[in-house]
Amino acid sequence: MLNLTKKFTGAFSVTGLEKPLAEIIRAELAPVADEIISDPMGNLLVLKKGKDSSKKLMIASHMDEIGFVVTNIEESGFIHVSNVGGINAVASSFQRVRFANGVYGVIVAESGVKPEDLKANKLVIDIGASDRKSAEKKVGVGDVCAVVPMLQKLGGTRYAAKAFDDRIGCVVSAYAALQCGKPAYDTWFVFTVQEEVGCRGSKPAAFRVAPDYAIALDVTAADECGNKNDVTKLGKGAAIKIKDSSVLCSKLIVDRLTDLAKEKKIPYQYEVLPYGGTDTSSMQMAGIGCAAGCISIPTRYIHSPVETIDMKDLKACADLLIAFIENGAE
Ligand SMILES: [Zn+2]
C-alpha cells in the first residue's frame, strides 16, 4: 500500500487536469479489470465482475487536488493566480509549486499583506523570470499548478504529504481492486475528477453506472492540536461516515459497514462532520437514487501541504472496503 501511496502522491493531478494520475491508475488496475472506461469528463471507471451481476456497486475516490490557475503575468514577471478549489492561502504560501509542464516556482504572499487578510488573489508565483516576456515562455494564463509533491515519514506508522486528499482514497480503492476476491456484485471502481470544485465528476459517472449501492472514500478531519471538536482520531481506525453537509448516509450502509467491522475485528469509528462534502452525495442522488455511504480516512491539516495520516487507518479502511465488496450489502 505504501508503494501505491508513493506513486499516487507524486503524480500531477490538479482539478481539471487529472489525466497523468488517471494513466498511472489505469496501468496499475488493467491486469485485474474486466472493463475500463475513460468518460468524457475524464473519470476513470474500472469494472470487476461479481457473483451477482443483477446488482451494481460503485466505489468513488477523487483524483483531483486543489491548486492554482494563472490569471495574469506582471511586467516584472510575477505571476498572479486564482484558487482552484478550497485553498487555505496561509497554508499554501511560501511553498514550492510545480506546473504540469514541469516548470517550478515559489508561491509567496504579496509584500505587506497581513496573514488575516491573505487570500488566494494576494498570492503570487515567482518562477525566476526577470520580466513578463521570459515568464510567458514557460507559463501562460490558464495554466494550473500545485504544491510540489512530498511524502514524509513521521513517527511510527504516520506520514505527511500534500494531496493525501484524496490520493489515499484512490490508494484504498486501487488496493481493494487488486486484493479483493470475487466481488458480491458487479463492482465499478471509479476514480473521479473535479470533486474539489463541487463533486462534479462523480455525477455523470454515477449516472452511467446507475449503482444499487455506493461507497465513497475520502479524507475527514482528525484530532489536531487545539481543536476541541475532534471529528475522528488518528490511528483509531476506519471512519464510517454518518453525515457531512452534503449527505446523510444510508442507514443500510452504515449498519452493514459497522457489522462487517465488528465481525472482521477491523478498528472503526464514526464520523459526524458538521461541514464539508464528498462524492457520496452525487452517487446517492444520481438517477433513481441508491444506498450510499462513505469510508473516511482520518487526516490532520486537510488542504495544507502537510496533510497527515496513520497507515494503520489506511489498512483498516482497505480491509473494511474489501469486506463490503466481497460480502455485499445485505
Ligand atoms: Zn477530498
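Conventions adopted
- Residues numbered from 1 in each chain as written.
- Predicted model: local features only at pLDDT ≥ 70, side-chain atom pairs only at ≥ 80, totals over all residues.
- Heavy atoms only, no water.
- Pairing = 2+ DSSP bridges.
- Helix = DSSP H or I, 4+ residues; strand = E, 2+ residues; numbered from the N terminus.
- Axes fitted to C-alpha atoms, helices over the stretch in contact; angles between N-to-C directions.
- Expected span 1.5 Å × (residues − 1).
- Buried < 20%, exposed > 50% of the residue type's maximum accessible area, 1.4 Å probe, protein only.
- Polar contact = N/O pair within 3.5 Å; in protein donor to acceptor, adjacent residues only side chain to side chain.
- Contact = heavy atoms within 4.5 Å.
- Donors = N, O, S within 2.8 Å, 3.2 Å for Na, K, Ca; no water.
- Tetrahedral: all angles 85-135°; square planar, octahedral: opposite > 155°, others 65-115°.
- Domains from an automatic or database assignment.
- Buried area = accessible area lost by both parts, 1.4 Å probe.
- Salt bridge = Lys/Arg side-chain N within 4 Å of Asp/Glu carboxyl O.
- Nonpolar A, V, L, I, M, F, W, Y, C, P; charged D, E, K, R; others polar.
- Arc of directions from axis to C-beta.

## Re the sheet that holds strand β5 (residues 79–84)
Within the closed barrel, the six strands sit side by side as β4-β5-β8-β7-β6-β9. Their pairing is antiparallel. Along the sheet, successive strands turn relative to each other by an average axial angle of 40°, direction set aside. For strand β4 (residues 67–73) and β5, the ladder comprises six bridges, and the chain directions are antiparallel. Directly across from valine 69, in β5, lies its bridge partner serine 82.

## Topic: helix α9 (residues 311–327)
In a regular helix each residue adds 1.5 Å, so 17 residues correspond to 24 Å; α9 covers 24 Å between its end C-alpha atoms and thus fits that length. α9 sits mainly inside the fold: twelve of its 17 residues count as buried. For α9, the set of buried residues is Met311, Asp313, Leu314, Ala316, Cys317, Ala318, Leu320, Leu321, Ile322, Ala323, Phe324 and Ile325. Where α9 begins, the side chain of aspartate 310 points an oxygen toward the backbone nitrogen of lysine 312, at a separation of 2.9 Å. Once α9 finishes, glycine 328 follows within two positions and takes phi at roughly 80°, a positive value.

## Considering the environment of arginine 300
Of note, arginine 300 is situated in the loop between β17 (291–299) and β18 (307–310). Placed 192 residues apart in sequence, arginine 300 and valine 108 show a C-alpha to C-alpha distance of 23 Å. Here arginine 300 is in contact with Arg158, Ala222, Asp223, Glu224, Leu234, Val306, Glu307 and Thr308, once residues within four sequence places are set aside.

## Considering the coordination of the zinc ion
Binding of the zinc ion to the protein goes through His62 (NE2), Asp165 (OD), Asp218 (OD) and Asp218 (OD), at separations of 2.0 to 2.7 Å. Relative to the metal, the four donor atoms surrounding the zinc ion lie at angles of 51 to 144°, and the coordination shape comes out irregular.

## Quick notes on the domain arrangement of the chain
Per the domain assignment, the segments of the chain are domain 1 (2–65 + 162–327) and domain 2 (67–147). When each unit is reduced to the centre of its C-alpha atoms, the spacing between domain 1 and domain 2 is 31 Å. Contact residues are listed per partner, giving 13 residues for domain 1 and 14 residues for domain 2. Taking both sides of the interface into account, the surface hidden between domain 1 and domain 2 amounts to around 1,000 Å²; carbon and sulfur atoms contribute 66%. Taken together, the links from domain 1 to domain 2 amount to zero salt bridges. Each residue belonging to the side of domain 1 that touches domain 2 can be placed in one class, and the counts come to six nonpolar, four polar and three charged.

## Looking at helix α1 (residues 2–9)
Of the positions making up α1, those classed as buried are Leu4, Thr5, Phe8 and Thr9. Seen end-on, α1 carries its buried residues on one side only, within an arc spanning 115°. Against the buried residues of α1 lie α2 (19–29), β10 (151–153), β11 (158–161), α5 (164–179) and α9.

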